[in-house]
Protein chains: 2
Amino acid sequence: MLAEIITIGDEILIGQTVDTNSAWLGNELNKRGIELERISSIRDTPDAITTALHEARQRAEIILLTGGLGPTNDDITKQTLVDYFDTELEKSDEALNNIKERFNARGIDLLQINIDQALVPANCIAIPNSKGTAPGMWFVEDGIIYVSMPGVPYEMKAMMSEFVFPRLEALNIADQIVHQTITVVNIPESVLSHKVSQIEEDLPEHIKLAFLPHLNLVRMRLTAKSSSHSTAALNDQLSAYFDQIKEVIGPSWFDGDKSMAEIIGQMLIEQKSSLGSIESCTGGYMAHCFTEIPGSSAYFHGSYVTYSNQFKIDLIGVDEELFTTVGSVSEEVAKQMAAKGRLKLGVDYCIAATGVAGPTGATEYKPIGLVYIGLAKPNGEVVVTENQFKGSRMQVIERTAYMAMEMLRQALMSEISQSEQTPALK
Amino acid sequence: MLAEIITIGDEILIGQTVDTNSAWLGNELNKRGIELERISSIRDTPDAITTALHEARQRAEIILLTGGLGPTNDDITKQTLVDYFDTELEKSDEALNNIKERFNARGIDLLQINIDQALVPANCIAIPNSKGTAPGMWFVEDGIIYVSMPGVPYEMKAMMSEFVFPRLEALNIADQIVHQTITVVNIPESVLSHKVSQIEEDLPEHIKLAFLPHLNLVRMRLTAKSSSHSTAALNDQLSAYFDQIKEVIGPSWFDGDKSMAEIIGQMLIEQKSSLGSIESCTGGYMAHCFTEIPGSSAYFHGSYVTYSNQFKIDLIGVDEELFTTVGSVSEEVAKQMAAKGRLKLGVDYCIAATGVAGPTGATEYKPIGLVYIGLAKPNGEVVVTENQFKGSRMQVIERTAYMAMEMLRQALMSEISQSEQTPALK
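This section reports on the structure supplied with the text. Numbering of residues starts from 1 in every chain and runs along the sequence as written. The naming scheme follows written order: chains are lettered A onward, ligands numbered 1 onward. Local features in this predicted model are restricted to residues whose pLDDT is 70 or higher, and side-chain atom pairs enter the listing and the counts only when it is 80 or higher, whereas totals over whole chains, interfaces and linings include all residues. Heavy atoms from the whole structure form the basis of all side-chain values; hydrogens and water molecules are not counted.

Quick look at the relation of the copies chain A and chain B now. Least squares is the method for superposing the copies, and the C-alpha atoms it fits come from residues with pLDDT of at least 70 in both. Structural alignment of chain A on chain B gives an RMSD of 0.1 Å, achieved by rotating through 180° and translating 0.0 Å along the axis. Taken together, these values place the two copies in the relation of a two-fold axis. Contact definition: two residues touch when any of their heavy atoms are within 4.5 Å. Mapped onto chain B, 100% of the interface residues of chain A are again interface residues, and the two copies thus contact each other with one and the same surface.

Here is the structure:
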């Protein structure tokens, strides 16, 4: 069973919006054994929509459209579908009641354009919208299912969860698709590929291996697809292949599709160690990277975001004179932030960052992207790295967080190797 | 001049990766007057790539492909392009030298699959890769430009900036495209649309209005496209229409494509006020939302991420007994976090959040998504809201931050209305 997504709206094409809807849909469809053949992002013109529908119906049995269902004149999906299916609009009482209730609740008067939102093509089933006013639409023609939904993410997701998925599941049309992923740290993609080449060659037709590199992590994903095996059987097959893979790549892997923060969290839990951060240029982002992970309260205790110099002095106790001698963006300040922050927070490990995230704030000797990162360890030792990152403000923030995590990971690894007398990973 | 993007790789289709490359490309192309007709995300099979190329060449003069250029067996873009253009591979010396230098720098031995990365189709110009090993490829056939690049964002972006954009600009083939956006707070999309309907109707053919709603913000975007007007002239036209629009919608708009944090930042600067946050369930995310904005150091002074209860007691001074009587997720704790945090940080406004972000940590009386948000104001007054948010851990964190910002925005608005004696926005 193949599906395609068509997202409608210029905002994605001009880069004003990142298409997160499609990633969510792809993931949810996949869990249910429905494969995505293609995602197309198109302009909101009748021609573009009609062309995309014609192309998609050659390939897929389920076509999901998002966007262009708002009440304003730039929203043309509904009229285009009326023309495409050669039908006409008729009123949906259920949709109209929903719209009236929503406007009543907000105490706003209904306008004609709001009432018109309750009109749907005569050949569709109106999909209730529990989060907004525009109804969705479910069409079946020549054995192909078309679903049109609003582009607003929470409205679309609610429609999928409450209406579309239950219906698709009732049709019982999906293959079994199973994925397993491991995350490998610090082995380049090409070296990994070489190490597992024999295993990859011997994979049966229905199992596929993919490599997804990201900074110094590589995710290895095995996918099995079959209509003749059960999900459990496919999972067993993938596990067996991953056992072979883990055998040849050594100890530097983690089960699942892990982020660096998750990998560190797992290591901290194993070592019963705690973590905190003292953040200047990262402004809370490092704390966020850890605390967005479920269960992080077991090891992440807290942070100071000392965005102003005065806070670095008053709250952490960084020597005041450093700000007039070496300046806030300096090795010495990073060192004191980490060391004194660690004691202040009462944690085992403390990461600290001070730098110039940009786009302003650079000086002759402190260019944008210059960041000092400190790591204080349980024995009180502090390491500091000087980094020159490139990119936008957000990229400098992200790269700082990633580098801090890599420093922490290496410290945690060497802790393991010291306690277990096994060689450290490079 | 129309362009299309084809992103190759199952990771986007199964939702393992969000396609941020296309948003960046769309934005950068647009700035240079090149319009995107479509973005297609396809599987990494020869058939899917060939079909997508055939379709795209019917519509576009520039086709940008990303992905599938790695050294591993699941990377098939290069071979597919060789077949598509009916050509053969030949060695690029420049690409080979780049690969050798990169491996030398890392002290890793070259494998045959690394050397093979320096092979490129005979009919292309190899695009240097300053951030990685796989060369890009620039083809011209029947007047259509094809560019194939790695999917790794920083490699792709470097190739575009260093090689592709300079070449496209030298061709001097683009239309003038100009966008202007304003962000409107707290007026529903349908009401806005109604207010500006006459202006919209009178827009000339070459100017288009779009509405982009997000929570209680609506972005209104005017786009002008022309080959006969200068960029300056088009900008003047859009400004004149926006003057008319601002006239009819009243005072609740902000220039540009603003986030809630930017809007608040602007208001804080105007009111010469400072801000800090005390964060439990949001774990630094609120601080991050503010500090990712350039210039935020002018008003955002700092935060405590008091993820553990002990920190709430030790660092902020929340009454210890509250944790045994009402518990950490309570109105009273949120209130004290905001009030005492405001004094501790020495700021005018302090936002504080304590809640159950999930997926664990719920109790009979404290379900997942229950969040108390406190806001302490310059006069010492504290408001607390009780919220029941839905969704994943990250969604609860985001919604908490958004609600805290909305509380802050309303407080800042009422400050303006009190000082200026004008009616507050609802």
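With that settled, consider the interface of chain A and chain B. Every contact between the two is made by 93 residues of chain A and, on the other side, 93 residues of chain B. Here's the idea: put two parts together, see how much 1.4 Å probe accessible area each one loses, and the total over both is what we call buried area. Note on chain A versus chain B: buried area summed over both sides is about 7300 Å², and carbon and sulfur give 55% of it. Put simply, a salt bridge is a Lys or Arg side-chain nitrogen that is within 4 Å of an Asp or Glu carboxyl oxygen. Remark: the boundary between chain A and chain B carries 12 salt bridges. Any pair of N or O atoms that falls within 3.5 Å is considered a polar contact. Within protein, one atom must be able to donate a hydrogen and the other to accept it, and sequence-neighbouring residues count only if both atoms are side-chain atoms. For the pair chain A and chain B, the interface holds 39 residue pairs in polar contact (both at pLDDT 80 or more). Put simply, Ala, Val, Leu, Ile, Met, Phe, Trp, Tyr, Cys and Pro go in the nonpolar bin, Asp, Glu, Lys and Arg in the charged bin, and everything else, Gly too, in the polar bin. Classifying every residue of the side of chain A that touches chain B gives 38 nonpolar, 31 polar and 24 charged. With 5 bridges joining them, strand E14 (residues 300-306) of chain A and strand E14 (residues 300-306) of chain B adopt antiparallel strand pairing. Bridge assignment links Thr 306 of chain A to a residue of E14 of chain B, and that residue is Gly 302 of chain B. Two strands are counted as paired when DSSP detects at least two bridges linking them. Working definition: helices are DSSP H or I runs of at least four residues, strands are E runs of at least two. Numbering for both runs from the N terminus.

With that settled, the discussion passes to the sheet that holds E14 of chain B. Ordered by their spatial adjacency, 10 strands build an open sheet running E17(A)-E16(A)-E15(A)-E13(A)-E14(A)-E14(B)-E13(B)-E15(B)-E16(B)-E17(B), and the pairing between neighbours is mixed. With one partner strand each, in any of the chains shown, strand E17 (382-388) of chain A together with strand E17 (382-388) of chain B form the two edges of the open sheet. Strand-to-strand, the axes of this sheet are offset by a mean angle of 15°, without reference to chain direction. Here 5 bridges tie strand E13 (residues 275-279) of chain A to E14 of chain A, and the two strands are oriented parallel to one another. When the sheet's bridge partners are listed, Leu 275 of chain A is paired in E14 of chain A with Phe 300 of chain A. Helix H15 (residues 331-345) of chain A contacts E13, E14, strand E15 (349-355), strand E16 (370-376) and E17 of chain A of the sheet and is inclined by roughly 145° relative to E15 of chain A. Where helices are involved, their axes are fitted lines through C-alpha atoms of the stretch in contact, as for all axes, and angles between N-to-C directions lie from 0 to 180°.

Everything listed here is a matter of coordinates, which is why it stays silent on function.
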